[in-house]
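Reading the structure
Below are the chains, spelled out letter by letter.
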Amino acid sequence: MTQISHQRLLIIDFGSQVTQLIARRLRELNVYCEIHPYQNVDAAFLTGFAPQAVVLSGGPASVLDDGSPRAPDAVFTLGVPVLGICYGQQVMMTQLGGQVERGNGTAEFGRAYVTPEDASLPLLDGWFSEGREQVWMSHGDHVSELAPGFEVFGTSPNAPFAITADPDRHFYAVQFHPEVHHTPGGKQFYANFVKLAGFTGDWTMGAYREQMIEEIREQVGEKKVICGLSGGVDSSVAAILIHEAIGDQLTCVFVDHGLLRKNEADEVVSMFRDHYNIQLIHADEEDLFLNALEGVSDPEVKRKTIGKLFIDVFQKHADSIDGAEFLAQGTLYPDVIESVSFSGGPSVTIKSHHNVGGLPEKMGLKLVEPLRELFKDEVRALGHELGLPDHFIGRHPFPGPGLAIRCPGEITRDKLAILREADAVYLDQIRKHGLYDEIWQAFVAILPVRTVGVMGDGRTYDYACALRAVTSVDGMTADYYPFSHEFLGETATRIINEVPGINRVTYDITSKPPGTIEWE
């Protein structure tokens, strides 16, 4: 992990499914924080990390079970503010001399309301203006006896110690989850905590940009860097940041597999060559990919074929760059967190468009990953800081296999041409109606069926297509976007009139789960 020079907050993870949301809340407050699983945090780690405050996350375990997770005792002797959340509260009480009991009718799951015992605690500034606060509870066990020095500041029907604190030692503990959306006052709660801890909000993209430029220069020296450019936001921001640091020592390789959206290859090449003057190899390999995909209809075979060819093509062009010792990747912080997960499990599979995975070891290259401290929205903020166009930064996610997985069944050049045109009309409609930024992802899929239609006085026998648009926070779950019937009717009319080859338009209203966002 890069050594960040900003004020630092440590989140010790006990396995909660919403630990990342704690980090998001804090980053929104311009506070730099890192998540580390409890197994990796000991006294030596704490000394090296030197946090200005510590948050103990929730978790699925019970502190009453043998071998259940604990915080290192050194956390409580650092002399910095500590906040325990849910399981983190129970850990604090257990380790500092309090008591925790099994549920026995006191479990709470979902929305609850906390009322104050003493609202004068600075941690609660801005709370209880209406007499009570809505919070989100998710606990079976509960604190039954406070540790010495702690007092009660808030209660709920099933949590008599919902908010507790030892103000003299700056130890705070709550039974609810202030990080989730269902605790409306959660952002204010965290703002109060970091203010108590003396954070000044020095975590900004401008500061991060300057720091990373220095670190890239120090890491790379006079050597050369190659970057696999997908045209997506992550790899583009990484490339532009690295270019700002080392200039012509960077070469990007853009593999054009013939499965991109309308005009996308031209836009990417123009932006990097003309606006940023970055050395770019435009590997036009449409024939190679489409010939290999001819007759292939199984979606997994499509993905594997595209992935293998991408690596082959990337390596072929990378080998032509003399003296390259580094490979740049757009790895983000969620990938880093998941690779050192609470359970100690293996690294998760990176999504399809991160097609350079596995190459560093194979090619003997060292990694440059300037975005590995950032969440997705922070990458977009950094993109703005670097001057990327708004329309590029705000683009919807696009899968690595491209239009191949929006073309169920066999892929042909004719079907891809029809799909590109239909997709362009659909996205144009969404933008014209001012809906683009409300939608996580929108696209057209061309279906492997033809239907009978009537246009003018003639019979048609053309393809059907499906429109897809979803709302989501992180892509893990999604719901369909509730377009008006007027919008859908207008869009269907435009596609049928403007795109030869389509005579029927449908709208996909499947959520995820049970469906996926993409069709394949």
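Placed above this text is the structure.
Below or above, wherever it landed, is the structure these notes cover.

1. Things to note about the environment of I502
One can find I502 in strand β20 (residues 502-507). A relative accessible area of 1% places I502 in the buried class. Expressed as a C-alpha distance, the spacing of I502 and A464, which sit 38 residues apart in the sequence, is 5.7 Å. Contact partners of I502, with chain neighbours within four places excluded, come to I418, A422, D462, Y463, C465, I495 and I496.

2. As for the packing of helix α5 (residues 205-220) against helix α6 (residues 233-246)
At a minimum axis separation of 9 Å, α5 and α6 run at an interaxial angle of 65 degrees. In terms of orientation, α5 and α6 fall into the roughly perpendicular class. Judged by the sense of rotation from one axis to the other, the crossing of α5 with α6 is right-handed. Along its contact with α5, which presents R209, M212, I213, I216, R217 and V220, the element α6 presents L241, I242, E244, A245 and I246. For the contact of α5 with α6, a count of residues per class yields eight nonpolar, no polar and three charged.

3. Comments concerning the sheet that holds strand β13 (residues 250-256)
Strands sit in the order β14-β13-β12-β15-β16 across an open sheet of five strands; the sheet is parallel. The open sheet terminates on both sides in strands that have one partner only, identified here as β14 (279-284) and β16 (366-368). For this sheet, the mean angle separating the axes of adjacent strands, direction not counted, is 30 degrees. Where strand β12 (residues 224-229) and strand β15 (residues 324-328) come together, four bridges link them in parallel fashion. Looking at the pairing, V225 lines up with F326 of β15.

4. A short note on α6
With 14 residues, α6 extends 20 Å from end C-alpha to end C-alpha; this agrees with the ideal 20 Å at 1.5 Å per step. Burial analysis of α6 places 13 of its 14 residues in the buried class, the great majority of the element. Where α6 ends, the next residue or the one after it, G247, has phi of about 60 degrees, a positive value.

5. Regarding the environment of I163
Summarising the element assignment, I163 is placed in strand β10 (residues 159-166). Owing to a relative accessible area of 0%, I163 belongs among the buried residues under this scheme.

Parameters at a glance
- Per-chain numbering applies: the sequence of each chain, read as written, is numbered from 1 onward.
- Whole-chain, interface and lining totals are the exception, using all residues; otherwise, since this is a predicted model, local features are given only for residues with pLDDT of at least 70 and side-chain atom pairs are given and counted only at 80 or more.
- The basis for every side-chain value is the complete set of non-hydrogen atoms in the structure, without hydrogens or water.
- Each helix is a run of H or I in the DSSP string that is no shorter than four residues. Each strand is a run of E no shorter than two, and both are numbered from the N terminus.
- Burial classes: relative accessible area under 20% of the type maximum marks a residue as buried, over 50% as exposed, and values in between as partly exposed (1.4 Å probe, protein chains only).
- Contacts are residue-level and defined by heavy atoms, with any inter-residue pair within 4.5 Å sufficient.
- Here the axes come from fitting lines to C-alpha atoms, over the contacting stretch only for helices, and the angles between their N-to-C directions go from 0 to 180 degrees.
- Should an angle fall under 35 degrees it is taken as roughly parallel, and over 145 as roughly antiparallel, whereas 65 to 115 is taken as roughly perpendicular and any remaining angle as oblique.
- Here a crossing is taken to be left-handed if its near helix is turned anticlockwise relative to the far helix by less than a right angle, and right-handed if that turn runs clockwise.
- Three categories are distinguished: nonpolar for Ala, Val, Leu, Ile, Met, Phe, Trp, Tyr, Cys and Pro, charged for Asp, Glu, Lys and Arg, and polar for the others, with Gly belonging to the last.
- We treat two strands as partners when DSSP finds at least two bridges between them.
- Multiplying one less than the number of residues by 1.5 Å gives the expected span of a helix.

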